[in-house]
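Working through the structure, step by step
Chain residues, written in single-letter form:
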Amino acid sequence: MRSRALFRERTANLLKMFAYSVGPGRFYRPAYDALAERVADEGGPFLEVGCGPGGLVRAVAHRLPSAICVGIDRNPSVVTKARSLTSSANSATFEVMDGEEMVFDDGMFQCVVALQSMFHWHDRLAVLRQIRRVLASGGVLMLIQADPAADIPGGWINRRAGWPTDRVLRYRWGRYRPEQSFLDALPCRLEELGFTEISVQTHGFYTVWSARK
């Protein structure tokens with residue numbers, strides 16, 4: 001019975017990843033490119049926590065071809081899909097790893113990003129502590145979350161025959177969004193953890209909480 005349940009879970013994960021790669025993975029490519037331009041300004045090494053199929057990591061690696069660019073996700077099926085979508089010409093790499101228990105060395109990364117992943121963190125403060133540990137002195141953290149109430153700039157979503165609609169996008173952003181009380185308290189939490197230069201800005205339809213170590 002357990003083996004059957006595990007098989008069904010793995011099959012479901014693979015189907016989700018296929019659907020993502022031909023759906024949101026394609027829809028959000030222009031948004032990933034816009035974010036990557038901003039992220040690449042910080043230089044590498046670069047890490048994304050909760051990378052999904054790796055669209056942002058690949059976009060950053062394309063702009064920083066000589067830098068270490070790593071994406072981690074605790075779902076093995078997601079990591080397998082990210083690897084399969086990455087060409088040999090792209091320097092992005094992907095690892096199965098939980099953000100609460102990263103095995104990277106202290107101070108390894110110049111920039112760490114979490115895009116649309118905070119909702120899925122079991123212990124958010126534990127992940128933030130780990131991020132601060134692996135950040136280099138002066139390195140930057142960017143926590144990025146789509147805002148259901150934000151305007152959607154033209155060209156940021158790769159639509160086909162009008163799909164996905166704004167209504168569908170906003171519904172998904174709201175469904176996979178941390179509770180507002182957590183987001184409101186996030187700057188204070190970052191300060192308590194020892195981050196500095198904390199700011200909250202808008203970039204396209206995203207809210208970006210950024211801070212330095």
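Residues numbered from 1 in each chain as written. Predicted model: local features only at pLDDT ≥ 70, side-chain atom pairs only at ≥ 80, totals over all residues. Heavy atoms only, no water.

**Side note on the overall build of the protein chain**
The helix and strand tally for the protein chain stands at 8 helices and 7 strands. Per-residue burial over the protein chain gives 47% buried out of 213 residues. The long-range fraction of contacts in the protein chain, counting pairs at least 24 apart against all pairs at least 6 apart in sequence, stands at 70%. Total accessible area on the protein chain is roughly 10800 Å²; 51% of this is exposed by carbon and sulfur atoms. (Helix = DSSP H or I, 4+ residues; strand = E, 2+ residues; numbered from the N terminus. Buried < 20%, exposed > 50% of the residue type's maximum accessible area, 1.4 Å probe, protein only. Contact = heavy atoms within 4.5 Å. Areas by Shrake-Rupley, 256 points an atom, 1.4 Å probe, with all protein chains shown as cover.)

**Things to note about helix α7 (residues 166–175)**
Listing the buried residues of α7 in full gives V168, L169 and W173. Buried residues in α7, looked at end-on, bunch into an arc of 135 degrees, giving them a common side. With respect to the buried face of α7, the exposed residues turned more than 90 degrees away are R167 and Y171. In this structure, the buried side of α7 is in contact with β5 (135–146). (Arc of directions from axis to C-beta.)

**Digging into the pairing of strand β7 (residues 206–212)**
For β7, a buried count of 6 out of 7 residues is recorded, marking the element as mostly surrounded by other parts of the structure. Relative to β7, β5 runs antiparallel, the two being bridged by 7 bridges. The partner of M142 across the bridge, within β7, is S210. Sheet topology places strand β6 (residues 196–203) next to β7; 6 bridges connect them, and they run antiparallel. The residue of β7 that forms the bridge with H203 is Y206. The hairpin formed by β6 and β7 contains 2 residues between the paired strands, and G204 there has a positive phi angle of roughly 65 degrees. (Pairing = 2+ DSSP bridges.)

**Examining the pairing of strand β2 (residues 69–73)**
For a regular strand, the rule is simple: side chains alternate between the two faces of the sheet. Counting buried residues along β2, 5 of its 5 residues qualify, which places the element largely inside the surrounding structure. Alternating residues of β2 divide into C69, G71 and D73 and V70 and I72, and every residue in both groups is buried. Across 4 bridges, the pairing between strand β1 (residues 46–49) and β2 is parallel. Pairing of V49 across the sheet is with I72, part of β2. Handedness of the crossover joining β1 and β2 through helix α4 (residues 55–63) is recorded here as right-handed. Across 5 bridges, the pairing between β2 and strand β3 (residues 92–96) is parallel. Each residue of the ladder has a partner; that of C69, found in β3, is A92. (Right-handed = clockwise from strand over helix to strand, strands pointing away.)

**Structural notes on the sheet that holds β2**
Read from one edge to the other, the open sheet built from 7 strands follows the order β3-β2-β1-β4-β5-β7-β6, with strand pairing classed as mixed. Whereas interior strands pair on both sides, the edge strands pair on one side only; in this sheet they are β3 and β6. Each strand axis lies, on average, 20 degrees off the axis of its neighbour in the sheet, ignoring direction. Strand contacts of helix α6 (residues 124–134): β1, β4 (109–115) and β5, with the helix running at about 140 degrees to β5, the strand carrying the most contacts. (Axes fitted to C-alpha atoms, helices over the stretch in contact; angles between N-to-C directions.)

**Observations regarding the pattern of salt bridges**
Pairing between side chains of opposite charge can happen when their charged atoms approach one another. Counted under the stated rule, the structure contains 9 salt bridges. Measuring nitrogen to oxygen at the nearest pair gives 3.6 Å for the salt bridge that ties R189 to E192. A residue pair is termed a helical-turn pair when its members lie 3 or 4 positions apart in one helix, as R189 and E192 do in helix α8 (residues 180–192) at 3 residues. Taken together, the shared-partner salt bridges connect D33, E37 and R63 into one network. (Salt bridge = Lys/Arg side-chain N within 4 Å of Asp/Glu carboxyl O.)

**A few points about the side chain of S210**
On the secondary structure map, S210 appears in strand β7. A polar atom in the side chain of S210 sits 2.8 Å from the side chain of S199. Setting aside anything within four residues of it in sequence, one finds S210 in contact with V140, L141, M142, E197, I198 and S199. (Polar contact = N/O pair within 3.5 Å; in protein donor to acceptor, adjacent residues only side chain to side chain.)

**Comments concerning the side chain of T207**
Mapped onto the elements, T207 comes out in strand β7. Residue classification places T207 among the buried positions, given a relative accessible area of 12%. When sequence neighbours within four positions are dropped, the list of residues in contact with T207 reads L143, I144, Q145, D147, V200 and Q201.

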